[in-house]
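Per-entry structural report
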Amino acid sequence: MKKLLSLLLILFTSCIITNRDEKLTRIVLNSTSDIDLKFEYPLEKISDSVVPIPLETNDQCLIKEITDIQESKGFLWILSDGKLYQFTSNGRFVKMIGTVGQGPDEYISAWDMQVNNQQEQVIILDYFGRKIMTYNFDGQLLSAQSLPEGYAYNAIYGKGSNLYLYSISNSVFPDLLLYKGDQHSDTISISERTMGKEGFLGNTFMYSVNDETGLYHYFNDTIYRVQDNKLVPKYLLDLGKLKYSFAETELGEDFNPKLKIEGSRLQVTDCYETSDYLFLHYMLNEYEGVKSVSFLFLYDKNSGIKYDHVNLVYSGIPEFSIRNGKKIKYSDYSNSLFVSFQIEEIKHFSEKIGAEITDNPVIVKYHLK
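What counts, and at which threshold
Residues numbered from 1 in each chain as written. Predicted model: local features only at pLDDT ≥ 70, side-chain atom pairs only at ≥ 80, totals over all residues. Heavy atoms only, no water. Helix = DSSP H or I, 4+ residues; strand = E, 2+ residues; numbered from the N terminus. Rg over C-alpha atoms; globule rule 2.2 N^0.38 Å. Buried < 20%, exposed > 50% of the residue type's maximum accessible area, 1.4 Å probe, protein only. Contact = heavy atoms within 4.5 Å. Areas by Shrake-Rupley, 256 points an atom, 1.4 Å probe, with all protein chains shown as cover. Lys, Arg positive; Asp, Glu negative; His and termini not counted. Charge placed at Lys NZ, Arg CZ, Asp CG, Glu CD. pLDDT = per-residue confidence, 0-100. Polar contact = N/O pair within 3.5 Å; in protein donor to acceptor, adjacent residues only side chain to side chain. 1 Å grid on protein atoms, 1.4 Å probe; cavity = no way out; pocket = protein on both sides within 12 Å on 5 of 7 lines; lining within 4 Å. Points joined across faces, edges and corners; volume = space filled by probe spheres on them. Nonpolar A, V, L, I, M, F, W, Y, C, P; charged D, E, K, R; others polar. Phe/Tyr/Trp six-rings, centres within 6.5 Å; stacked < 30°, edge-to-face > 60°. Lys NZ or Arg CZ within 6 Å of the ring centre and 35° of its normal. Pairing = 2+ DSSP bridges. Core = buried A, V, L, I, M, F, W, Y, C linked by side-chain atoms within 4.5 Å.

Some words on the overall build of the chain
Within the chain, the regular secondary structure consists of two helices and 27 strands. Its C-alpha radius of gyration of 21 Å places the chain within 12% of the 21 Å reference for a compact globule of 369 residues. When its C-alpha atoms are laid out on the principal axes, the chain stretches across 65 × 55 × 45 Å. For the chain, with 369 residues in total, the buried portion stands at 50%. Counting contacts in the chain only where the partners sit at least 6 residues apart, residues at least 24 apart contribute 52% of the total. For the chain, the accessible area works out to roughly 17900 Å², and carbon and sulfur atoms hold 49% of it. Computing the positive centroid from 37 side-chain charges and the negative centroid from 49, the chain places the two 4 Å apart.

Right under this line is the structure:
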């Protein structure tokens, strides 16, 4: 046991590095006083085209809430209700990828997915089935491999030929592996604590911008880039008193928090970066007497200006404005933002295209300048 602990310590200390000669960019989001719920930022400042993509509706592809949107040459990949759907880039339905079930060539639930454009493959993480399923773009199953034992990996991220497995846990560092298949992997980071009876707050987010892969984990104040199988600090995120402590996440026997929280606390719900901006989706447990309010933080890397909350307003079609912290997905494939709108959210546009209330969502693609 001592040998194992020593090995883990060596791995942990060797995989996390701090470059003291590199000045970190400090991003402050530690007060609710700078939040303006009505603040509007023109989408035209960051986007040069806005393209609506109505998703075809039929009995084979009834889409509920969309968990993830990714794109490849000619296709959109939609994760919804534990299933993976393939559409053309203009919204025509192609097929559902894979088969839901508990057989060796089936997945219980598509928990997460990753599109590999270079190899024209799409990868599904079946968390409950504890395996990784790889398909080609024609929907043919190429492989089904078991997840490494001893870890609770609940997310995947791919960039080029690299596939990362990582955990979402309440710890300073996530469990992060560079997965090589057949139970082979390189350890990049190891969590330093085991979760008890707590609510999940330590979300991990990985993203790509240009040729760089980034990572943010909630209980760590640093946004890292992944370089040479190491985490290298890039931004220092100052949440101040808005950050939850480990003790504040503990739940009692009734699954209610053990500690009564005084004031607002902030939970990051997504983090990604473009060439010019850093985006943070976050939620406050309480804001001006209202529970669970969502926000969108924007940091302009060129000017150094930060906005604690923005409504991205589009003058061309106001219904396609991104308000109230609505979730955005970033694609480094085309340097675009994707947002999903339910039909009832865009009534006037829906009427113009003859969409019905029961139709699938409309995806809007905002190409960035």
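Here the narrative resumes, following the displayed structure.
Quick look at the confidence of the model for the chain
As a note on interpretation, predicted positions should not be read in detail where pLDDT is low. Per-residue confidence for the chain gives a mean pLDDT of 90, with 93% of residues at or over 70. Every residue in residues 1-21 is under pLDDT 50, and counting partners more than four places away or in other chains gives 20 contacts.

What to know about the side chain of Ser334
Inspection of the secondary structure puts Ser334 in the loop between strand E25 (329-331) and strand E26 (336-341). A polar atom in the side chain of Ser334 sits 2.9 Å from the side chain of Ser336. Apart from the residues within four sequence positions on either side, Ser334 is in contact with Glu71, Lys365 and His367.

With respect to the layout of surface pockets
The volume enclosed by the largest pocket comes to roughly 1400 Å³. What lines the largest pocket is a set of 49 residues, among which Asp68, Gln70, Asp112, Asp270 and Lys329 lie closest to the centre. Mapped onto the lining of the largest pocket, the elements with two or more residues apiece are strand E4 (66-72), strand E8 (112-116), strand E12 (155-159), strand E16 (204-209), strand E20 (266-273), E25 and E26. With six residues, E4 is the largest single contributor of residues to the lining of the largest pocket. Each residue belonging to the lining of the largest pocket can be placed in one class, and the counts come to 22 nonpolar, 16 polar and eleven charged.

Observations concerning the packing of aromatic side chains
Counted according to the given criterion, the structure contains 20 aromatic pairs. Ring centres 6.2 Å apart and planes at 45° place the aromatic pair Phe173 and Tyr224 in the tilted group. With a gap of 51 residues between them, Phe173 in the loop between strand E13 (162-166) and strand E14 (176-181) and Tyr224 in strand E18 (residues 222-227) connect regions that are remote in the sequence. Residue Phe173 shares its accessibility class with Tyr224, and that shared class is buried. Measuring from centroid to centroid gives 5.3 Å for Tyr287 and Phe295, while their planes differ by 85°, and the two rings are edge-to-face. An aromatic cluster is built from Tyr272, Tyr277, Phe279 and Tyr330, whose rings are joined through pairwise contacts. The ring of Phe341 is capped by Lys326, whose NZ or CZ atom sits 5.1 Å from the centre of that ring.

What to know about the pairing of strand E7 (residues 93-97)
Two faces make up the sheet, and in a regular strand the side chains alternate between them. Direction of pairing for strand E6 (residues 83-88) relative to E7: antiparallel, over a ladder of four bridges. Counterpart to Phe87 in the pairing with E7 is Phe93.

With respect to the nonpolar core
The biggest cluster of nonpolar side chains holds 55 residues, and the ones touching the most others in it are Ile46, Tyr216, Phe279, Leu312, Phe320, Leu337 and Tyr366. Taken together, the elements giving at least two residues each to this core come down to E16, strand E19 (230-238), E20, strand E21 (277-287), strand E22 (290-300), E26 and strand E27 (362-368). Among the elements that take part in this core, E21 stands out by supplying seven residues, more than any other.

Quick notes on the side chain of Ser47
Position of Ser47 relative to the elements: it lies in strand E3 (residues 47-54). Its relative accessible area of 6% is what places Ser47 among the buried residues. A polar atom in the side chain of Ser47 sits 2.9 Å from the backbone oxygen of His367. If near-sequence neighbours (up to four positions away) are discounted, Ser47 is found in contact with Tyr366, His367, Leu368 and Lys369.

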